[in-house]
There are 2 protein chains.
Amino acid sequence: MKYYAGIDLGGTFIKCGIVDEKGNLIAKDKIPTGKERGYTEIARDMAHLAKRLAENAHVELTAVGIGSPGTIDSANGVIVYSNNIAWKNVPLGESIQKILRLPVSVTNDANAAALGESWRGAGKDYKNIVLITLGTGVGGGIVLNGRLYEGNRSAGAELGHTVIKIKGEKCTCGRRGCFEAYSSATALIRQTQRAMARESESALWRLCGGKSENVDGKTAFDGMRSGDKTAIKVVNDYIRYLAEGIANFANIFRPEAVLLGGGICAEGETLLVPLEKQVDKMLFGGTHYAPVKILRASLGNDAGLYGAALLAIQTVNSQ
Amino acid sequence: MKYYAGIDLGGTFIKCGIVDEKGNLIAKDKIPTGKERGYTEIARDMAHLAKRLAENAHVELTAVGIGSPGTIDSANGVIVYSNNIAWKNVPLGESIQKILRLPVSVTNDANAAALGESWRGAGKDYKNIVLITLGTGVGGGIVLNGRLYEGNRSAGAELGHTVIKIKGEKCTCGRRGCFEAYSSATALIRQTQRAMARESESALWRLCGGKSENVDGKTAFDGMRSGDKTAIKVVNDYIRYLAEGIANFANIFRPEAVLLGGGICAEGETLLVPLEKQVDKMLFGGTHYAPVKILRASLGNDAGLYGAALLAIQTVNSQ
């Protein structure tokens, strides 16, 4: 049996898992990133974490895979730019390869999560999936025939930055009307707060203790459950935005399944059932010939570990 | 040298080209489709056209590729549904294979054109291209690493049916706000006619002889060249719609080039220069790391012949 390290580099924690070639996670741990430090120290910590976990589990590593935030030059293992950890042109793969003397593969964190979900998570029965993570922003990962699709120079798969409403809401990327500006958790919070500002009698005020800064991604759903009309409209509008974006990706990729990740998905069927119903109506040519399932991602924070490990496996096997 | 037949099945004509393995078109011809006939007669005509062309050129065919309108089950060579020729579940590949006793591959006509452009046309220097054809509707084809991307059950790549304006213009597919409803030639004509209805003094009226039913895809561009303000606004708005959709596809696929086909592209730089400028501003992460060129497709009506032939080559080579 061969063993691989999958590392998920985040702004707060470095997480590492040891995964065997069949996809069993046999050990995992996390340490603080300390992102204010230089990249050499962070790379050293990443390498040592993988080494320690493998030693403790009495296995030898064959290769290492990494999911990192930002724009990644996968072919060269370079973090071209990451807003999250404030890196520019960091040769992360090479740094870790020099310490561990093992092949190292790097991809974007959303891509790693998509690959992980397609291998061991909600996407495991499908060859083609799209993962959309609804968080502070919207991350996207595309797996086609079991392989990541990253675009030229691995700069693609920016699903959050596709406009669904021309001249609409301002997005962090500079455009207006991006899917992210309507369907991230941040967007839902903004939509909830705006509705509250218009409706002083809404039960939403009670749910956040009278302070709109207490609104989170759950507030509107809680309000809907309490029967508040304002909240119901916020949730319905939000689901419509989500449906339009997801239907776009479905018409482009026609995957067997679209997986949703991020805290909002804790709503489960409350979110997924009306969402799938709407997307079904928007699928080009209908649902009969090539249906598209909407599923909740199932690996949570471990998705990136599995995906990074699979990336390492695929890289080694293709050499 | 091996030789292949590439057939482009249209609502009006069946076109066929004989292409050698290096991509040289050595013979071509077309015959009327006669789409009111049953599919067996049409399939027979298609087979005989390929056979006759090959015989006249004194070459032997190795395989046949076909681009057909509609939703195609490529794996089985079946036309699942075509509005254009009113077919449903037609086993076109098998029918032609039985007559010619050669391998037959079938794909959607827009896909065939994309493959042709990537092989012998404006996309020949790139591995990843997206072709968008602006006609009565909007066709899309995606070539990744030199191969067609068709989606699960070859039902993907419906680029025209992605919403860029929620609750916008009604689309033929049933949704509202699709890219096709803003950027097809049909859409430009509608936009021109609406602007004329608002502006009775516009020079556009003169350009179409006072009859709005004479408006075509060139009218607004001609009006712009004559300095008419109404026409300038129509063209600017149209280019903005195009740019938003193209930037979406660029952010998803990050191809080296987006190719545009269809009659409107005869405008050349008048269209392409401002379009590329706008798309550049909308690219996620800017243009520096992974630029995306906007080019005019160069093979015209022959794109589908080349692409269908390449599909046949790829199918034979992968077996």
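Quick note: structure is the one above.
Trainee: Got a sec to walk through the packing of aromatic side chains? Specific residues and values, please.
Mentor: This structure, assessed with the given rule, holds nine aromatic pairs over all chains. A ring pair is formed by Tyr39(B) and Trp87(B), whose centres lie 6.4 Å apart and whose planes are at 75°; its orientation type is edge-to-face. Of this pair, Tyr39(B) sits in helix H1 (residues 39–56) while Trp87(B) sits in strand S7 (residues 87–90); the two residues are 48 residues apart in sequence, bridging distant segments of the chain. Judged by its relative accessible area of 5%, Trp87(B) is buried. Between the aromatic rings of Tyr182(B) and Tyr241(B), the centroid separation amounts to 4.7 Å while the plane-to-plane angle is 45°, which identifies the pairing as tilted. With Tyr182(B) in helix H4 (residues 180–183) and Tyr241(B) in helix H8 (residues 229–253), this pair connects stretches of sequence that are 59 residues apart. Taken as a pair, Tyr182(B) and Tyr241(B) share a single burial class, namely buried. Here the aromatic residues Tyr149(A), Phe253(A), Tyr149(B) and Phe253(B) are joined through ring pairs into a cluster of three or more. The ring of Phe13(A) has Lys30(A) lying over it, and the distance from NZ or CZ to the ring centre is 4.2 Å.

Trainee: Talk me through helix H2 (residues 92–100) of chain A; I want residue IDs and the actual numbers.
Mentor: Residue and element names in this part refer to chain A. Of all the residues in H2, the buried ones are Leu92, Gly93, Ser95, Ile96 and Leu100. Down the axis of H2, the buried side of the element spans an arc of 165°, and every buried residue falls inside it. In this structure, the buried side of H2 is in contact with strand S1 (3–9), helix H1 (39–56), strand S4 (61–68), strand S6 (78–82), strand S7 (87–90) and strand S8 (104–108). Trailing H2 by a residue or two, Arg101 shows a phi angle of about 55°, which is positive.

Trainee: Explain the state of the cysteines to me, and be specific about the residues and the numbers.
Mentor: Residue and element names in this part refer to chain B. One pass over the full model with this rule turns up zero disulfides over all chains. Cysteine Cys173 shares no disulfide, and the gap to the nearest cysteine sulfur, in Cys178, comes to 3.7 Å. On the basis of relative accessible area, Cys173 is assigned to the partly exposed category, the value being 28%. Cysteine Cys265 shares no disulfide, and the gap to the nearest cysteine sulfur, in Cys171, comes to 19 Å.

Trainee: Give a description of unusual backbone geometry that names residues and reports values.
Mentor: Although it is not a glycine, Lys167(A) adopts a positive phi angle of roughly 60°. Tracing the backbone shows Lys167(A) in the loop between strand S11 (147–148) and helix H4 (180–183). Positive phi outside glycine occurs at Asn145(B), with the angle close to 50°. Examined against the element boundaries, Asn145(B) turns out to sit in the loop between strand S10 (138–144) and strand S11 (147–148). For Asn145(B), a relative accessible area of 52% gives the class exposed.

Trainee: Talk me through the pairing of S7(A); I want residue IDs and the actual numbers.
Mentor: Residue and element names in this part refer to chain A. Examined bridge by bridge, S6 and S7 share three bridges and lie antiparallel to one another. Counterpart to Ile79 in the pairing with S7 is Val90. Between S6 and S7, which pair antiparallel in sequence order, lie four residues; one of them, Ala86, sits at a positive phi of approximately 55°.

Trainee: For the sheet that holds strand S6 (residues 78–82) of chain B, give the residues involved together with the corresponding values.
Mentor: Residue and element names in this part refer to chain B. Read from one edge of the open sheet, three strands run S5-S6-S7, paired in antiparallel fashion. Of all the strands in the sheet, the pair left with one neighbour each is strand S5 (71–73) and S7. Averaged over all pairs of adjacent strands, the angle between their axes in this sheet comes to 20°, without regard to strand direction. Two strands pair when backbone bridges link them, and S5 and S6 are joined in this way by three bridges, in the antiparallel orientation. Within S6, the residue paired with Thr71 across the bridge is Tyr81.

Trainee: How would you summarise the packing of helix H8 (residues 229–253) of chain A against H8(B) if you had to cite specific residues and measurements?
Mentor: Close contact between H8(A) and H8(B) brings their axes to 13 Å; oriented N to C, the two are set at 70°. Put simply, H8(A) runs roughly perpendicular to H8(B). Within the contact between the two elements, H8(A) uses Phe249(A), Ile252(A) and Phe253(A) and H8(B) uses Phe249(B), Ile252(B) and Phe253(B). Per-class residue counts for the contact of H8(A) with H8(B) are six nonpolar, no polar and no charged.

Trainee: Please provide a residue-by-residue account of the nonpolar core, values included.
Mentor: If you look at the biggest cluster of nonpolar residues, it comprises 95 residues, and the most contacted ones within it are Ile132(A), Phe253(A), Leu275(A), Ile132(B) and Phe253(B). In this structure Leu275(A) touches Ile239(A), Leu242(A), Ala243(A), Ile246(A), Leu260(A) and Ile294(A), once residues within four positions along its chain are discounted.

Trainee: Provide a residue-level description of the pattern of salt bridges, including the pertinent values.
Mentor: Residue and element names in this part refer to chain A. Considering all chains together, one arrives at 30 salt bridges over all chains under this definition. The salt bridge partner of Arg194 is Glu169, with a shortest N-O separation of 2.8 Å. Of this pair, Arg194 sits in helix H5 (residues 185–198) while Glu169 is found in the loop between S11 and H4, placing the two residues 25 residues apart along the sequence. What makes Glu169 buried here is its relative accessible area of 19%.

Trainee: Would you mind going over the interface of chain A and chain B in detail, with residue names and values included?
Mentor: How big an interface is tends to be stated in terms of accessible area lost as the parts join. With 42 residues of chain A at the contact, the number on the chain B side is 41 residues. In this assembly, chain A packs against chain B so that about 3800 Å² is buried in total across both faces, 59% of it on carbon and sulfur atoms. When the buried surface of chain A facing chain B is broken down by residue, Ile166(A), Ile252(A) and Tyr289(A) rank first, second and third, together holding 22% of it. At the boundary of chain A and chain B, one finds two salt bridges. Residue Arg175(A) is joined to Glu244(B) by a salt bridge in which the shortest nitrogen-to-oxygen separation is 2.8 Å. Summed over the shared surface of chain A and chain B, the number is 24 residue pairs in polar contact (both at pLDDT 80 or more). When residues of the side of chain A that touches chain B are assigned to their parent elements, the largest contribution, nine residues, is made by H8(A).

Trainee: Describe in detail H5(A), supporting the description with residues and values.
Mentor: Residues and elements named next belong to chain A. Over its 14 residues, H5 runs 20 Å from end to end, which matches the ideal 20 Å to within 8%, given 1.5 Å per residue. Taken residue by residue, H5 has Ala185, Ala187, Leu188, Gln191, Thr192, Ala195 and Met196 as its buried positions. Residues of H5 that are buried sit in contact with strand S9 (129–134), H4, helix H6 (204–207), helix H7 (219–225) and H8.

Trainee: Account for the packing of H8(B) against helix H9 (residues 269–282) of chain B, with residues named and values stated.
Mentor: Residues and elements named next belong to chain B. For the pair H8 and H9, the least separation of the axes is 9 Å and the interaxial angle reads 50°. Comparing their axes, H9 and H8 come out oblique. Read as a crossing pair, H8 and H9 show a hand that is right-handed. Counted together, Tyr238, Ile239, Arg240, Leu242, Ala243, Glu244, Ile246, Ala247 and Asn251 of H8 and Thr270, Leu271, Pro274, Leu275, Gln278, Val279 and Met282 of H9 form the full contact between these two elements.

Trainee: Before we move on, could you go through the relation of the copies chain A and chain B and cite the residues and values that matter?
Mentor: Least-squares fitting of chain A to chain B yields an RMSD of 0.0 Å, with the superposition described by an axial translation of 0.0 Å and a rotation of 180°. On the angle and the small slide along the axis, the relation comes out as a two-fold axis. The overlap is high: 98% of the interface residues of chain A also sit at the interface in chain B, so the same surface is used on both sides.

Reading the values: the criteria
Residues numbered from 1 in each chain as written. Chains lettered and ligands numbered in written order. Predicted model: local features only at pLDDT ≥ 70, side-chain atom pairs only at ≥ 80, totals over all residues. Heavy atoms only, no water. Phe/Tyr/Trp six-rings, centres within 6.5 Å; stacked < 30°, edge-to-face > 60°. Helix = DSSP H or I, 4+ residues; strand = E, 2+ residues; numbered from the N terminus. Buried < 20%, exposed > 50% of the residue type's maximum accessible area, 1.4 Å probe, protein only. Lys NZ or Arg CZ within 6 Å of the ring centre and 35° of its normal. Arc of directions from axis to C-beta. Contact = heavy atoms within 4.5 Å. Disulfide = S-S within 2.5 Å. Pairing = 2+ DSSP bridges. Axes fitted to C-alpha atoms, helices over the stretch in contact; angles between N-to-C directions. Parallel < 35°, antiparallel > 145°, perpendicular 65-115°, else oblique. Nonpolar A, V, L, I, M, F, W, Y, C, P; charged D, E, K, R; others polar. Core = buried A, V, L, I, M, F, W, Y, C linked by side-chain atoms within 4.5 Å. Salt bridge = Lys/Arg side-chain N within 4 Å of Asp/Glu carboxyl O. Buried area = accessible area lost by both parts, 1.4 Å probe. Polar contact = N/O pair within 3.5 Å; in protein donor to acceptor, adjacent residues only side chain to side chain. Expected span 1.5 Å × (residues − 1). Left-handed = near helix turned anticlockwise from the far one by under 90°. Least-squares fit on C-alpha atoms with pLDDT ≥ 70 in both.

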